[in-house]
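Here is how the chains run, residue by residue.
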Amino acid sequence: MSAITKKFGTAPVFFTAISTILGAVLFLRFGFAVGTVGLAGTVAIILIGHLVTVPTAMSIAEIATNQKVEGGGEYYIISRSFGLVIGSSIGLALYMSQAISVAFYIIAFSEAFSSFFTWLSANYNLHPTVAWLVAQKQTVSIPALFLLTAIVLIKGADLGVKALYVVVFTLFLSIVALFLGSTDYAETHQLDYFATVYNTTESGDSTVIVNTLPVPTDTIEAPLEPVLYEAPVEPLTPEKPSPISFFTVFAIIFPAFTGMTAGVGLSGDLEKPSRSIPLGTLAGTLTGMVVYLLIAWKLAASASPAQLADTENLVMGSIAVQGWWLIPTGLAAATISSALGSIMVAPRTLQAIARDRIIPSIRANYFLSRGKGKADEPFNATLVTIAIAFIFVMLGGLNAVAEIISMFFMVTYGSLNLISFFQHFAADPSYRPTFRSKWWISLSGAIACFGLMFFMNPVYAVGALSLMVLFYVVINYYNPDKRNIAVIFQGVIFQVSRRLQVFLQKSEKEQSGNWRPSAVCISENSFKRIAAFDLLRWMAQRYGFGTYIHKISGYLSKTTNEEARSAKERLIKMAEAAESNIYIDTLISPSYTSAIAQTIQLPGISGKDNNLLLLEFSKNEKDNLKDIVDNFTLINAVAFDVLILGTSERGYGLMREIHVWITNDNYDNANLMILLAYIILGHKDWNGGQIKIFALYPDDTCDYERQQLFRLIDTGRLPISKNNIQVLARKGDADKRTVIEQNSQDADLMITGFRSETLKKKGTAVFEGYDNLGNTLFVNSVSSKVIE
């Protein structure tokens, strides 16, 4: 297969953009905008519109200089940055706007003949059938559409690009003729920036403009004076047009500014897309903005608001030198060039979508992706585009079609700006554009796009966004293997997480008064006992952070690495099923001591150091309890709070009651135990649960200890109420474990504390004697937690 010829430079990109920008709307609706919202309002429309188009031009220039933009132009940029699923969803919306644009410009072209047909009907006695045909816009638009189709299908993009030079020259002549022209109105009236058709008084051939200097009396014809003074307002009031909102006018005018990316669709035919696209789009956008500002001033100074707002006549023709033929010629050239630009770009977008195999039909993808000749002309895609354009030519009016196009273009431009914004923060090494916009420019462009959609027409906005969502759902369903929206934010989230962690590390270390759990749990019985897994996810659901480490005994090898990977996938599925917020990882270690040493050195996922270690053992087997006790000194050396969970066959029972036991020798653990109970109870799994707090003291010192306890509560050192604590006296030499068992045998979780000194003396015996209870949590706080 021979190589596809790519020979165009920057000029076609600029001319395609400027000929589309200075297109049909300029001739047919720009005077309407000036007459309806005034010069000041029109300037506001131009500036607001370019709050969208300038950031979009900069964004597309940035993205285009980073990667080779092949056939499809804007679609290729979006799909390769957003992923094929979301990219093709937006691409289809973009294609629809481009295809409908063909109809829009063809309809506008037919209006260039309105004056001629009006003159023809007025001066000749036409046959009724001929008169009816002359009154229909489709009489011109349908033949024009088919003629344009024939030109594109036979000659392809090469002829279209050559025709652009003739079109731009004709546009130049028309605009120069406009500025050289003058009117009687300009000589007799001062420019009013706020005059509109709604605040003027029309009288015959003269106009008295409210809020401007009065018209000289010698310009008012005598026969009109009685009418002017007898009934200056009342008779004219019924003739006043109904007000049109600013954003409705904006929606009609906005397609005039959307041509700046038209040249991107020629990227497959460009010799150097990375150079031609930025220069062509930016130059076209800025040139168009300046020309529109100047034309708005010229129109406001040359004709009354009522004349400008009249869409039935080409007011520019009465202003320009030789306007009777130059302006219609310019309109015809502009509309044909815009239609030609759209009909060259839209099929290439559809062809690129089909070549990505996005459409849920193999035959449709094959049919639409086929090119013709050495230039790879999208022959079949052009036929489909023409069919869509034909439907809108038959059904749509110019203003309604303009609003629909505005919505789809806003969706596309908002997406392009979002891509540029995200890329500023994603720090993707493969993203190295030679031209860079600013992140705040891209963000402002995206916000402006989506905000203006709802200001213009909320119903259309919801419809456009809903259609794009429908595209996404269908495409994602039929293309599950392709990259979807989930990957869009990966780079951004990674960078945000990295920066937050660095910030938190540099910030002042949190004090105990602001303590929150940053817990890490290690267990080699993850699939045998899940009690520790559940406890960690409860703590990490809202108030804290959790890292769960599954330990695999042995040395690092291919076998253990595969085992670790498989275990991690299983645990991630468990975490997803439980809707938990914990981070899952695995650790291969030959011994329990080395595993503990590595675990307590892990950085916290929150950016803060881990401060709590959760370990577990089975009350029935106690297979790893001795390892826990033997390594407690190592854990204590790094100032970790330690939780040791003794699991039972009953597990957490009904998850309704948590019992907390405070004794005179573990006040330092009390706050942490109470805080953990509140954190656990805050999880939805414990919905409807309650906390019971018991204080157990020897019988002979019970009164004294009660006073001490209440003093701690009164001073705020214990975050509980006196009414929520039950003080028990332990008589004689009764074992405290017996008392706890009698009162907490139905508890779903029992929490008690232990001291490091006691553990050193008694060893594993500290955790024994609770076999008849449910799950038991033993707490050792490295320092007293002062809870504000």
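These remarks concern the structure in this document. As the structure is a prediction and not an experimental result, all values here were calculated from the model.

Observations concerning the overall build of the protein chain
Piece 1. In terms of regular secondary structure, the protein chain is built from 31 helices and twelve strands.
Piece 2. Going through the 788 residues of the protein chain one by one, you find that 53% of them count as buried.
Piece 3. Surface exposure of the protein chain reaches about 35800 Å², of which carbon and sulfur atoms provide 59%.

Quick look at the packing of aromatic side chains
Piece 1. Taken as a whole, this structure holds 23 aromatic pairs when the rule is applied.
Piece 2. Between Phe 30 and Tyr 292 the ring centres are 4.9 Å apart and the planes differ by 55°, which places this aromatic pair in the tilted class. Placement of Phe 30 in helix α3 (residues 30-64) and of Tyr 292 in helix α13 (residues 273-302) is noted, with a sequence separation of 262 residues between them. The exposure classification of Phe 30 matches that of Tyr 292, with both residues buried.
Piece 3. Ring geometry for Tyr 652 and Trp 686: centres 6.4 Å apart, planes at 75°, overall edge-to-face.

With respect to the sheet that holds strand β11 (residues 749-753)
Piece 1. Pairing is mixed in the open sheet, where ten strands are placed in the order β5-β4-β3-β6-β7-β12-β11-β8-β9-β10. Because the sheet does not close on itself, it has two edges, and the strands there are β5 (583-589) and β10 (725-730). Averaged over neighbouring strand pairs, the angle between their axes works out to 25° when direction is ignored.
Piece 2. Both strand β9 (residues 690-698) and β10 contribute to a ladder of six bridges, which runs parallel. Its bridge partner lying in β10, Phe 694 is registered against Gln 726.
Piece 3. In this fold helix α30 (residues 736-744) packs onto β8 (657-663), β9, β10 and β11, with an angle of close to 155° to the strand it touches most, β8.

Digging into the side chain of His 50
Piece 1. With respect to the helices and strands, the residue His 50 is situated in helix α3.
Piece 2. Among the polar contacts made by the side chain of His 50, one reaches the main-chain carbonyl oxygen of Ile 46 at a distance of 2.7 Å.
Piece 3. If we skip the residues at most four places from it in the chain, His 50 touches Pro 55, Phe 257, Thr 285 and Met 289.

Concerning the pairing of strand β4 (residues 545-553)
Piece 1. Within β4, seven of the nine residues are buried, which leaves the element mostly enclosed by the surrounding structure.
Piece 2. Strand direction decides the pairing type here: strand β3 (residues 518-523) and β4, joined by six bridges, are parallel. Among the inter-strand pairings, Cys 521 is bridged to a residue of β4, identified as Tyr 548.
Piece 3. Crossover connection from β3 via helix α23 (residues 531-540) to parallel β4: handedness right-handed.
Piece 4. Strand direction decides the pairing type here: β4 and β5, joined by seven bridges, are parallel.

Observations regarding the nonpolar core
Piece 1. Among the nonpolar cores identified, the biggest contains 119 residues, and Leu 22, Phe 30, Tyr 292, Leu 299 and Met 410 are the most heavily contacted of them.
Piece 2. For this core, the element with the most residues is helix α5 (residues 84-111), which contributes 14 residues.
Piece 3. Tyr 292 has contacts with Ile 21, Leu 22, Gly 23, Leu 26, Phe 30, Ile 46, Ala 256 and Phe 257, leaving out every residue within four places of it along the chain.
Piece 4. Formed by 47 residues, the second largest nonpolar core is a distinct cluster that contains Ile 582, Ile 693, Leu 709 and Leu 777.

Description of α23
Piece 1. Taking burial as the measure, the ten residues of α23 include ten buried ones, the bulk of the element.
Piece 2. Residues of α23 that are buried include every one of Ala 531, Ala 532, Phe 533, Asp 534, Leu 535, Leu 536, Arg 537, Trp 538, Met 539 and Ala 540, and no others.

Comments concerning the side chain of Asn 610
Piece 1. With respect to the helices and strands, the residue Asn 610 is situated in the loop between α25 (592-599) and β6 (612-618).
Piece 2. Take Asn 610: its relative accessible area is 8%, and that puts it in the buried class.
Piece 3. For Asn 610, the side chain forms a polar contact with the side chain of Ser 518, separated by 3.2 Å.

Description of the pattern of salt bridges
Piece 1. Taken as a whole and judged by the stated rule, the model has 14 salt bridges.
Piece 2. The residue Glu 621 makes a salt bridge to Lys 528 at a minimum N-O spacing of 3.1 Å. Note that Glu 621 is positioned in the loop between β6 and α26 (625-630) and Lys 528 in the loop between β3 and α23, a separation of 93 residues in sequence.
Piece 3. According to the relative accessible area criterion, Lys 528 is exposed, its value standing at 52%.
Piece 4. A network of salt bridges, in which partner residues are shared, links Lys 528, Arg 529, Glu 616 and Glu 621.

So, the pairing of β6
Piece 1. Most of β6 sits inside the fold, with seven of its seven residues counted as buried.
Piece 2. Where burial is concerned, the two faces of β6 agree: the one with Leu 612, Leu 614, Glu 616 and Ser 618 and the one with Leu 613, Leu 615 and Phe 617 are both buried.
Piece 3. As judged from the three bridges shared by β3 and β6, these two strands associate in the parallel manner. Bridging across to β6, Ala 519 finds its partner in Leu 612.
Piece 4. Pairing between β6 and strand β7 (residues 641-647): seven bridges, direction parallel. What sits directly across from Leu 614, in β7, is Leu 643.

Parameters and conventions
- The numbering scheme is per chain: residues are counted from 1 as the chain's sequence reads.
- Local features in a predicted model are, by the rule used here, given only for residues with pLDDT of at least 70; side-chain atom pairs are given and counted only at 80 or more, and totals for whole chains, interfaces and linings are based on all residues.
- Only hydrogens and water are set aside when side-chain values are computed; all heavy atoms of the structure are taken into account.
- Numbering of helices and strands starts at the N terminus; helices are DSSP runs of H or I of at least 4 residues and strands are runs of E of at least 2.
- Accessible area is worked out with a 1.4 Å probe on protein chains only. A residue is then buried under 20% of its type maximum, exposed over 50%, and partly exposed in between.
- Note on areas: these come from Shrake-Rupley sampling with a 1.4 Å probe, and a residue is covered only by the protein chains present in the view.
- Ring pairs are drawn from Phe, Tyr and Trp, using the six-membered ring of Trp, whenever the two centres fall within 6.5 Å, and their geometry is named by plane angle: stacked under 30 degrees, edge-to-face over 60, tilted for the rest.
- DSSP calls a pair of strands paired once it identifies at least 2 bridges connecting them.
- A fitted line through C-alpha atoms represents every axis, and for helices the fit uses only the stretch in contact; the resulting angles, taken between N-to-C directions, go from 0 to 180 degrees.
- Contacts are assigned to residue pairs with any non-hydrogen atoms lying within 4.5 Å of each other.
- Think of a polar contact as two N or O atoms within 3.5 Å of one another; within protein, one of them needs to be a possible hydrogen donor and the other a possible acceptor, and neighboring residues in sequence only count if both atoms come from side chains.
- Seen with the strands pointing away from the viewer, any crossover whose path from the first strand over the helix to the second strand runs clockwise is right-handed.
- Side-chain atoms within 4.5 Å are what join buried Ala, Val, Leu, Ile, Met, Phe, Trp, Tyr and Cys residues into a set we call a nonpolar core.
- In the sections that follow, a salt bridge refers to a side-chain nitrogen of Lys or Arg positioned within 4 Å of a carboxyl oxygen of Asp or Glu.

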